[in-house]
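Residue strings, one per chain:
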Amino acid sequence: MYRFQWAIPAILSVICSNSFITSVHADGKDGEILPPTIQKLMKGYNKYLRPFFDNGPVTVGMSLDIASIDTISEINMDYTATIFLRQRWTDERLCFEGNKSLSLDGRLVELLWVPDTFIVDSKKSFLHDITVENRLIRIYPNGTVLYALRITTTVACSMDLTKYPMDKQTCTLQLESWGYNINDVMFYWTRGNDSVRGLNTLRLAQYTVEDHYTSVSEAVYETGRYPKLIFHFDLKRNILYFILETYVPSILLVVLSWVSFWISQSSVPARICIGVTTVLTMTTLMMGARTSLPNANCFIKAIDVYLGICFSFIFGALLEYAIAHFCTLHRPDHKNFIKDPEEEEDIDMNGTINAISSGEENPTEVDSNKNKKTRGGRITSATMKRLLCILYCFQVENPHHIDNYSRLSFPLCFIIVNVFYWVYYLYF
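The model shown is predicted, which means the values in this text are computed figures rather than measured ones.

## Topic: the UniProt feature "transmembrane region" (unreviewed entry) in the chain
Here comes step 1: Residues given the UniProt feature "transmembrane region" (unreviewed entry) here are residues 239–260, 272–293, 305–329 and 408–427.
Here comes step 2: With 82% helix and 0% strand, residues 272–293 has end C-alpha atoms that lie 33 Å from one another.
Here comes step 3: The distance separating the terminal C-alpha atoms of residues 305–329 is 36 Å; by composition the span is 100% helix and 0% strand.

## Re empty space enclosed by the protein
Here comes step 1: Evaluated as defined, the whole model comprises three cavities of 30 Å³ or more.
Here comes step 2: Estimated volume of the largest cavity: approximately 60 Å³.
Here comes step 3: Along the walls of the largest cavity sit Ile66, Ile69, Tyr79, Ala81, Ile83, Thr153, Val155, Leu173, Phe231 and Phe233, which together make up its complete lining.
Here comes step 4: Elements represented by at least two residues in the lining of the largest cavity include exactly β1 (58–73), β2 (78–90), β7 (144–156) and β12 (224–237).
Here comes step 5: The element best represented in the lining of the largest cavity is β2, accounting for three residues.
Here comes step 6: Here the residues of the lining of the largest cavity sort into nine nonpolar, one polar and no charged.

## Here we look at the pattern of salt bridges
Here comes step 1: Summed over the entire model, instances satisfying the criterion amount to 15 salt bridges.
Here comes step 2: In this structure, Arg86 engages Asp65 in a salt bridge whose closest nitrogen and oxygen atoms are separated by 3.1 Å. One end of the pair, Arg86, is in strand β2; the other, Asp65, is in strand β1, and 21 residues separate them in sequence.
Here comes step 3: With relative accessibility at 29%, the residue Arg86 sits in the partly exposed group.
Here comes step 4: Residue classification places Asp65 among the partly exposed positions, given a relative accessible area of 22%.
Here comes step 5: Between Asp78 and Lys123 there is a salt bridge; the shortest N-O distance is 3.0 Å. Placement of the pair is Asp78 in strand β2 and Lys123 in strand β5 (residues 122–127), with a sequence separation of 45 residues.
Here comes step 6: For Lys123, a relative accessible area of 46% puts it in the partly exposed group.
Here comes step 7: Among the ionic contacts, a cluster of salt bridges with common partners joins Glu74, Asp167 and Arg237.

About the thresholds
Residues numbered from 1 in each chain as written. Predicted model: local features only at pLDDT ≥ 70, side-chain atom pairs only at ≥ 80, totals over all residues. Heavy atoms only, no water. UniProt positions renumbered as here; feature names shortened; annotations may be inferred. Helix = DSSP H or I, 4+ residues; strand = E, 2+ residues; numbered from the N terminus. 1 Å grid on protein atoms, 1.4 Å probe; cavity = no way out; pocket = protein on both sides within 12 Å on 5 of 7 lines; lining within 4 Å. Points joined across faces, edges and corners; volume = space filled by probe spheres on them. Nonpolar A, V, L, I, M, F, W, Y, C, P; charged D, E, K, R; others polar. Salt bridge = Lys/Arg side-chain N within 4 Å of Asp/Glu carboxyl O. Buried < 20%, exposed > 50% of the residue type's maximum accessible area, 1.4 Å probe, protein only.

Shown next as structure tokens:
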């Protein structure tokens, strides 16, 4: 008995809802729900047939209001926006006498023909329904119908991140007809480029809307040609955040690595500590900069190039001390390896005289061997002398001068590389 009492309200609600649907569609009971004007319009109206069914295509004008662009994701290559989509068309079957428009409840849209418009490249969309479905239907005396919706949609946007974070992205919002081809429906923007509003008041976290424009096109598929409207908008990324978050810290790390050039080479722990610390910190900074970006090998981003440059300079400063310290411990004296050819000739002559005096060989053979040894000795000594001279050109007499050269060469090279980097990515 207790369960049956609770079931009575549910049964009554179903009966009432069914009676509402029956009263709307039944000819004899339209007056119970709809006013006389709407009752007259709905009499004999078939929502399954488009306007001008036998007299050419129906033209549908569209306009947009961008309420917000919530997120722009580089990882997923998409953006999420909330829009107000307004569609206008003329239905000759809905003409009535008078000079005032009729605003209907959004739930009565089920009684009318509406365009089958959909958002191309939409990953996920939904119609707001708090407190009721956010739909508007307004009918004008000449039969013009205004149909408005509030939609939140996530749309794919192909991005080129080669100049990230100095990049500019162009995203689109495309509207197409799903089932009606160009012989049935034609789309147009009601006010051209002014058909889209709201972008001038948007405040995005990382981007600035530079420009936007509209275009009219056609989508060609295997099933036919369909009308398409495209809204383009250009986004420019704000680089100030990345300058403070990535570029300035990386520059400071490079400068910190140069401090070791002013520390004595005998202070091994101090210089090694600075080098290793800056290398590890730079590695951490590089890993953190990639967390918000897609893991795509095809994208060599501008920020990756700059972090790679900074890492190279920091690692080069560490190698500089290793080379300088090695040269300090192993200073070869090239003079000990270069001998005068005349001294070698004297040695060969003395050896020859001793051989002759000992009488062990024939004097003719001794002279022949002496000439061969003399020529070979001269060629060998000349070649060694040239090689040692070449090696000596790359040898630093005082290893402490390496730090002096690095104090000037490292900052100068870093400045030159920065000039080329910023000029290329900002102006090319």
